Amino acid sequence: MADPRYDALQNENLYAHLFKQRSPDRATVVLTLPTMHCASCVRAIETWPNLETGLVDVRVNFNQKEAHIRYNPREISLQAIAEKLDFMGYPPDLSLAQREGKSGQSAQKRLARQSILELGVAGFVFGNTMLFAFPEYMGLAPESGIAELMRWITAALSLPLVGYSGRSYFKSALGALRTGQANMDVPIAMGIVALWSKSLWDIASGSGAGYFDSLAGLIFFLLVGRWFQNSTIAKLDFERDYKSFFPLATMRLSSHQAPEYVALNEVVPGEVLRIRHGELIPMDAVILRGRSSVDVQFITGEALPLAVGPGDEVAAGSRLHGSSIDVEVVKALDQSYLTSLWREDPAAQKPVLSRRMDLWGQWFTWGILGVALFTAAYWMWVDASKAIWAVTSVLIVACPCALALSIPFGFGNAIRLMGQHGAYVKSSDTIERLARINAWFLDKTGTLTKPDEQYWTEEPAVSAKHAGYLRGLVQHSAHPISRSLHNHWRHVPAHPLSEVQESIGEGLEGRCEAGILRVGSPSYLGLSDAQAPSHATGWSLNGQIGGWLIPEQVYRAGLAEGLAQLGPNLMALLTGDSDQEQPRLKAILPASTEMRFRQSPKDKLQFVLHWQESGKHVAMVGDGLNDAGALAASDVGISIAEDAMHFAPACDVLLKGQELPHLARYPQMAKAALRVVKINIGVSLGYNLIGLTFAVQGLLTPEVSALLMPISSLSVVGLSALLTQRASRKIFKS
């Protein structure tokens, strides 16, 4: 199976630009596959790991024609991957443009030119075949010399028609069959071969003129439909909506300026960033200061955090677990890759509807082939002259793509529209789970409250010197309280600290010029809650209590009215804070809300699991820091994103803080999207049932079948856009 075209891949260092991550036993490579053209192609590629040893998982970005492939280099090489993709009918693009980051555009242009040429040849043959069939239409004697000549000319024209214009269908069908699957091109290829073979036999045997005009019309209209369908789908590029919700912000350090938040797309190699606990490292970088641990599970699947320190390289997509670090960026941002790490969760189980659709898609093509065999047997017995016509129509008119596109476009449009209203949804599977939510679990600090507008009372007043030390310490944490304190002392220059350590959910410690500085909960400072003012955060220097910082919580406006719209769903609030705010919370939350205080991250996780065990579909809303475990365990985890756009990989939805009072809109939109998908499924099944009914009876011509096939797919696209847009206007009208 070795292909000399891919021999250069034996030296993987020459193609380092293809890799997003590489280690001895795990690598992630992104390959451009320009010949993908339908949902069946996506399914064939994404299920490939089930048949190939060494592949961990494959995720396809259909609009970008890219496949993100994770594999074990000890079991399979990059060269073998490329060769087998080629064998399946999806040769990867390894051109110079790929190295320069322009592969997608270059491959798309080449593919577009090729499609136009194929369409042009098919159109030329179709027009001339109709012209040369003129004697037959005019009733010219079949045995005349002119009629005979015309037949052989049309037979000759069919060679470039089938061999060039129709070749993509044969390549795709053959590639699918090589992997033991049957995509939508299998019945199309069979229909073309059947019609062509019968036509050649009729001319060679002198029994008729064949069906070359129908064959030419079939291929021409198939190519027109594919071109129009691909053009329509390309305009609905949801990747642009990912980038409109992001860029995330990160903390950039400068020798002349205080730390500042900047958009990721403004960061260039050589600049220094501060990464804090729970944050995603956005670009490949080298650690300059600090020791901590990084979680690389999103990249490699490795569950255990890796200890890192000065001089160590950290990969984009790693998540910091522990104390903050300062890193120097060595590679520019690849935002599509960064967001894909969050969106794609190969370990997650698909919801019920998605699993059913996958099962239906797998059996659809085989079912169509069975119907075609039945049709052939029936017409060979009733009227053999109509058999080839009816069988070809059956093979062409059936369209699994309309069925396969129902979920991606129904839910994809909902994701796009929700993103326009402040909620960025991880995947289409999240929409289905969100539509089934009947229990809500809320965090308080940084969720119901606005950390950037929190007021603090200092008891006693903190000196400017100590405020500078404290501000320099809290800037190492992304916790809402730390961010609020950093903003509280915004007029005081931050003093640098060393040996900063963060105890997650408890407090911070660092070394300043005056000694060891601590800030955090009373227990973190070695005191009981009774020894501290209610709800206070304390600070100490060299073990001596320096004072207390007492917050005045500022809750988001409109919460009471907004949360009441969640209706009869169960609701609970769990927070690590004391019950001092309980009276205010009772006025904000629905009367039936269960409230628990002084809850640890473990308590929150156990609460979610308990609700799920009782049959509830749970959504949790939190900040993604101390409650990351509960967010990950819930059916839908919703992380609040403030201006800093703290990236919480455990969540399923990123919600802008100001949109929390409108939380009820999003499950309503998800339910509307689920209804749209069900309508699309009904339309698709109805189209196939009606089309096959006419085709089996021999009432459809292959040309008409070729026209109807893309119309079914486009109807799903159009209905999805129309119905979701209509639902969006109704739900988000205020």
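None of these values were measured; they are calculated from a predicted model.

For the rest of this paragraph, the subject is the overall build of the protein chain. Helices and strands together make up the secondary structure of the protein chain, namely 24 helices and 26 strands. Every one of the 734 residues in the protein chain was classed for burial, and the buried ones make up 54%. When the accessible surface of the protein chain is summed, it comes to about 31,100 Å², and 57% of that surface belongs to carbon and sulfur atoms.

Turning our eyes to something else, we now look at the packing of helix α16 (residues 428-435) against helix α23 (residues 665-696). Closest axis-to-axis distance for the α16/α23 pair is 8 Å, and the angle between their directions is 110°. As summarised for this structure, α16 and α23 are arranged roughly perpendicular, according to the angle between their axes. Of the residues in α23, those in contact with Ile431, Glu432, Leu434 and Ala435 of α16 are Tyr666, Pro667, Ala670, Lys671, Ala673 and Leu674. The residue inventory of the contact of α16 with α23, partitioned by class, reads 8 nonpolar, no polar and 2 charged.

With that settled, the discussion passes to the confidence of the model for the protein chain. When pLDDT is averaged along the protein chain, the result is 80; 81% of the residues meet or exceed 70. The least confident element of the protein chain is helix α10 (residues 239-245), whose mean pLDDT is 44; the most confident is strand β19 (residues 515-520), at 94. With pLDDT under 50 throughout, residues 97-104 is counted as low confidence; its partners more than four residues away or in other chains account for 15 contacts. Low pLDDT (under 50) marks residues 237-247, which in the prediction has 36 contacts with non-local residues, meaning those over four places away or in another chain.

Time to look at the environment of proline 269. Mapped onto the elements of the fold, proline 269 is located in the loop between β6 (260-263) and β7 (272-275). Residues proline 269 and valine 329, spaced 60 residues apart in sequence, show a C-alpha to C-alpha distance of 4.8 Å.

Attention now goes to the sheet that holds strand β14 (residues 423-425). Strand order in the open sheet formed by 7 strands is β14-β26-β25-β24-β15-β22-β23, and the pairing between neighbours is mixed. This sheet does not close on itself; its edge strands, each paired only once, are β14 and β23 (594-596). Along the sheet, successive strands turn relative to each other by an average axial angle of 20°, direction set aside. Pairing analysis gives 4 bridges linking strand β24 (residues 618-622) to strand β25 (residues 636-641), with the strands arranged parallel. Among the inter-strand pairings, methionine 620 is bridged to a residue of β25, identified as glycine 637.

This part takes up the sheet that holds strand β12 (residues 319-320). Through backbone hydrogen bonds, the strands of a sheet pair up, either in parallel or in antiparallel fashion. If you trace the 3 strands from one edge of the open sheet to the other, you get β10-β9-β12, paired in antiparallel fashion. Each edge of the sheet is formed by a strand with only one pairing partner; in this case those strands are β10 (306-308) and β12. For strand β9 (residues 292-295) and β12, the ladder comprises 2 bridges, and the chain directions are antiparallel. Each residue of the ladder has a partner; that of valine 294, found in β12, is leucine 320.

Let us now look at the pattern of salt bridges. Applying the stated criterion across every chain yields a total of 13 salt bridges. The partner of arginine 70 in a salt bridge is aspartate 57, with the nearest N and O atoms 2.8 Å apart. Pair noted here: arginine 70 is in strand β4 (residues 66-71) and aspartate 57 is in strand β3 (residues 55-61), with a separation of 13 residues, a long-range link. A single burial state applies to arginine 70 and to aspartate 57, both of which are buried. Overlapping salt bridges bring together Arg274, Arg289 and Asp326 as one network.

What follows is about the environment of serine 293. Summarising the element assignment, serine 293 is placed in strand β9. Residues serine 293 and arginine 319, 26 residues apart in the sequence, show an inter-C-alpha distance of 8.5 Å. Apart from the residues within four sequence positions on either side, serine 293 is in contact with Pro305, Leu306, Ala307, Val308, Arg319, Leu320 and His321.

About the cut-offs
Residues numbered from 1 in each chain as written. Predicted model: local features only at pLDDT ≥ 70, side-chain atom pairs only at ≥ 80, totals over all residues. Heavy atoms only, no water. Helix = DSSP H or I, 4+ residues; strand = E, 2+ residues; numbered from the N terminus. Buried < 20%, exposed > 50% of the residue type's maximum accessible area, 1.4 Å probe, protein only. Areas by Shrake-Rupley, 256 points an atom, 1.4 Å probe, with all protein chains shown as cover. Axes fitted to C-alpha atoms, helices over the stretch in contact; angles between N-to-C directions. Parallel < 35°, antiparallel > 145°, perpendicular 65-115°, else oblique. Contact = heavy atoms within 4.5 Å. Nonpolar A, V, L, I, M, F, W, Y, C, P; charged D, E, K, R; others polar. pLDDT = per-residue confidence, 0-100. Pairing = 2+ DSSP bridges. Salt bridge = Lys/Arg side-chain N within 4 Å of Asp/Glu carboxyl O.

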